[in-house]
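Now for the letters of each chain:
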Amino acid sequence: MMDAPASLPAPASGVIAGDVHHYALRVFYEDTDAGGVVYHANYLRWFERARSDLLDVLGIDQRAALEAGTGLYTVAEANLRYLAPARLGDTIVIETSAVTVGRVACTLRQVALRDGVRLCEGLVKVGFISPEGRPRRQPEAWQQAFTSLVPIANPAPEGPE
């Protein structure tokens, strides 16, 4: 019988380098079809996981905000372009950068890469909503966190988002 290790590993976390968040993952069997190629919908799951990690890295506590009734981010639009297949066992890096940061919504560019090769790229618009599902201004500190993430981020145009 083996003794439990003194400390267990922490879940993987992404890092922000410059103006890009990098989140690494490995392709598991469950991610693929019978031919070992990643099923197209899994890129959406991976992008969601990378965005959630980005919020954690930025110090944004989604759970606390939800429990306090502040609100939450939800996907308003997603446009993906598939360029090359990922396969069982591949190491994938999801890069996330901001395109626009507004009072209510942010548009993020996400790219899945394997050894620098673009596999899938997408533009995802996330909006901040109240617990009742209505658009709500995101907390100022959160908006600043996104804006400070990407110095080249373009402010969202004025008007409805």
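So, here's what we can say about the structure.

## As for the overall build of the protein
Helix and strand counts for the protein come out as three helices and seven strands. Helices and strands appear in the protein in the N-to-C order β-β-α-α-β-β-β-β-α-β. Expressed as a percentage of its 161 residues, the buried residues of the protein come to 38%. With an accessible surface of roughly 9,600 Å², the protein has 54% of that area assigned to carbon and sulfur atoms.

## Considerations on unusual backbone geometry
For Asp-115, which is not glycine, the phi dihedral falls at a positive 50 degrees. If you trace the backbone, Asp-115 turns up in the loop between strand E5 (105-114) and strand E6 (117-129). Assessed through its relative accessible area of 77%, Asp-115 is described here as exposed.

## Points about the packing of aromatic side chains
Taken as a whole and assessed by the stated rule, the structure comprises six aromatic pairs. Ring centres 5.2 Å apart and planes at 70 degrees place the aromatic pair Tyr-43 and Trp-46 in the edge-to-face group. On the criterion of helical spacing, the pair formed by Tyr-43 and Trp-46 is a turn pair, its members being three residues apart in helix H1 (residues 42-57). Of the two residues, Tyr-43 and Trp-46, neither departs from the other in class, the shared state being buried. An aromatic cluster is defined as three or more aromatic residues linked by ring pairs; in this entry it consists of Tyr-73, Phe-128, Trp-142 and Phe-146.

## Things to note about the pattern of salt bridges
One pass over the structure, following the stated rule, counts six salt bridges. With a shortest N-O distance of 3.1 Å, Arg-81 and Glu-121 are connected by a salt bridge. A residue pair is termed long-range when its members are at least 10 positions apart, and Arg-81 in strand E3 (residues 72-82) and Glu-121 in strand E6 qualify at 40 residues. One connected set of salt bridges, linked through shared partners, spans Arg-81, Arg-118 and Glu-121.

Calculation rules
Residues numbered from 1 in each chain as written. Predicted model: local features only at pLDDT ≥ 70, side-chain atom pairs only at ≥ 80, totals over all residues. Heavy atoms only, no water. Helix = DSSP H or I, 4+ residues; strand = E, 2+ residues; numbered from the N terminus. Buried < 20%, exposed > 50% of the residue type's maximum accessible area, 1.4 Å probe, protein only. Areas by Shrake-Rupley, 256 points an atom, 1.4 Å probe, with all protein chains shown as cover. Phe/Tyr/Trp six-rings, centres within 6.5 Å; stacked < 30°, edge-to-face > 60°. Salt bridge = Lys/Arg side-chain N within 4 Å of Asp/Glu carboxyl O.

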